[in-house]
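# Coordinates in review
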Amino acid sequence: MGLISIASLIVIGFLYYKKKQIPGFEIEVIQDDTWFVNRDDNHRIAMVVSLNLTNTTGNRVQISRCKLSGYSPKENPVPISLQHLDKTIPLNFPTHDLYYAGMQYNVNPNSTQQIWAYYESRSVTMTNLIQTPLVIKDANNRRKSVQARIPRHEEQIKIHREAASLW
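Since this is a predicted model, take the numbers as computed values, not measurements.

Counting 26 residues, the largest nonpolar core has F25, L51, L53, I63, L134 and I136 as the members making the most contacts within it. Taken together, the elements giving at least two residues each to this core come down to β1 (25–29), β3 (45–55), β4 (61–68), β8 (105–107), β9 (111–121), β10 (129–138) and β11 (143–151). No other element matches β3, which puts five residues into this core. Among residues more than four places away in sequence, those in contact with L53 are F25, E26, I27, I63, Y105, V107, S111, T112, Q113, I115 and I136.

Set out below in structure tokens:
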């Protein structure tokens, strides 16, 4: 009797999980436009995550939330410049559509669209790679998640290597 109960709970859990998913919707992290840096101006980690959103259904998907490890995306990111010796290196944000908290973003039926989001964290990391979940929820509170791999921006890595070689 106990085995049947456990199997029933597993089936119910699986069905609930499937019901909460956004059907026909895929998320892919665009690695070339995804990066993070330690900001010198406000001592925070700035993360830029670019996403390729694919809707294979005949219905529109209306994105209402896009959280990265619990962080909500910021609306107007301050331009980022890295300082090294006597030069300033400005970093360019992606050219896709910017997504921010509170925005309703529509992914049209049978289409692929690209967005990017800007996140800030007060934590500090010395690693060159952040791995964290990214969860998108639609207007019906259904969700889709992906594991995001966010590498440190290559310019900041170069600056750290040059500074280490000067010591």
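Pairing in this open sheet of four strands is antiparallel, and the strands run β8-β4-β10-β11 from one edge to the other. Of all the strands in the sheet, the pair left with one neighbour each is β8 and β11. Along the sheet, successive strands turn relative to each other by an average axial angle of 40°, direction set aside. In terms of strand pairing, β4 meets β10 through five bridges, oriented antiparallel. Of the residues in β10, the one forming a bridge with I63 is D138.

A word on the environment of L53. Among the structural elements, L53 can be located in strand β3. With a relative accessible area of 0%, L53 lands in the buried category. Taking the C-alpha atoms as reference points, L53 and E26, 27 residues apart in sequence, are found 5.9 Å from one another.

Glancing now at the environment of E155. One can find E155 in helix α2 (residues 154–166). Looking at E155, the relative accessible area reads 22%, which means it is partly exposed. Linking E155 and V37, residues 118 residues apart in sequence, is a C-alpha distance of 9.1 Å. In this structure, E155 is in contact with L82, I89 and L91, ignoring residues within four places of it in sequence.

A separate point is the pattern of salt bridges. In total, this model carries five salt bridges according to the counting rule given. Of the charged contacts, one joins E120 and R44 as a salt bridge, the two residues approaching to 3.3 Å between their closest N and O atoms. Here E120 is found in strand β9, whereas its partner R44 is found in the loop between β2 (35–38) and β3, with 76 residues between them in sequence. The exposure class of E120 is buried, given its relative accessible area of 16%. Note on R44: relative accessible area 25%, which makes it partly exposed. Of the charged contacts, one joins E155 and K158 as a salt bridge, the two residues approaching to 3.7 Å between their closest N and O atoms. Of this pair, E155 and K158 both sit in helix α2, three residues apart, roughly one helical turn. Judged by relative accessible area, which is 42%, K158 ranks as partly exposed.

For the rest of this paragraph, the subject is unusual backbone geometry. We note that N110 has phi near 50°; this positive angle belongs to a residue other than glycine. Along the polypeptide, N110 turns up in the loop between β8 and β9. Taking relative accessible area as the criterion, N110 reaches 58% and is therefore assigned exposed. Positive phi, close to 65°, is recorded for N141, a residue that is not glycine. If you trace the backbone, N141 turns up in the loop between β10 and β11. Look at N141 and you get partly exposed, because its relative accessible area is 33%.

Procedures and definitions
Residues numbered from 1 in each chain as written. Predicted model: local features only at pLDDT ≥ 70, side-chain atom pairs only at ≥ 80, totals over all residues. Heavy atoms only, no water. Core = buried A, V, L, I, M, F, W, Y, C linked by side-chain atoms within 4.5 Å. Buried < 20%, exposed > 50% of the residue type's maximum accessible area, 1.4 Å probe, protein only. Helix = DSSP H or I, 4+ residues; strand = E, 2+ residues; numbered from the N terminus. Contact = heavy atoms within 4.5 Å. Pairing = 2+ DSSP bridges. Axes fitted to C-alpha atoms, helices over the stretch in contact; angles between N-to-C directions. Salt bridge = Lys/Arg side-chain N within 4 Å of Asp/Glu carboxyl O.

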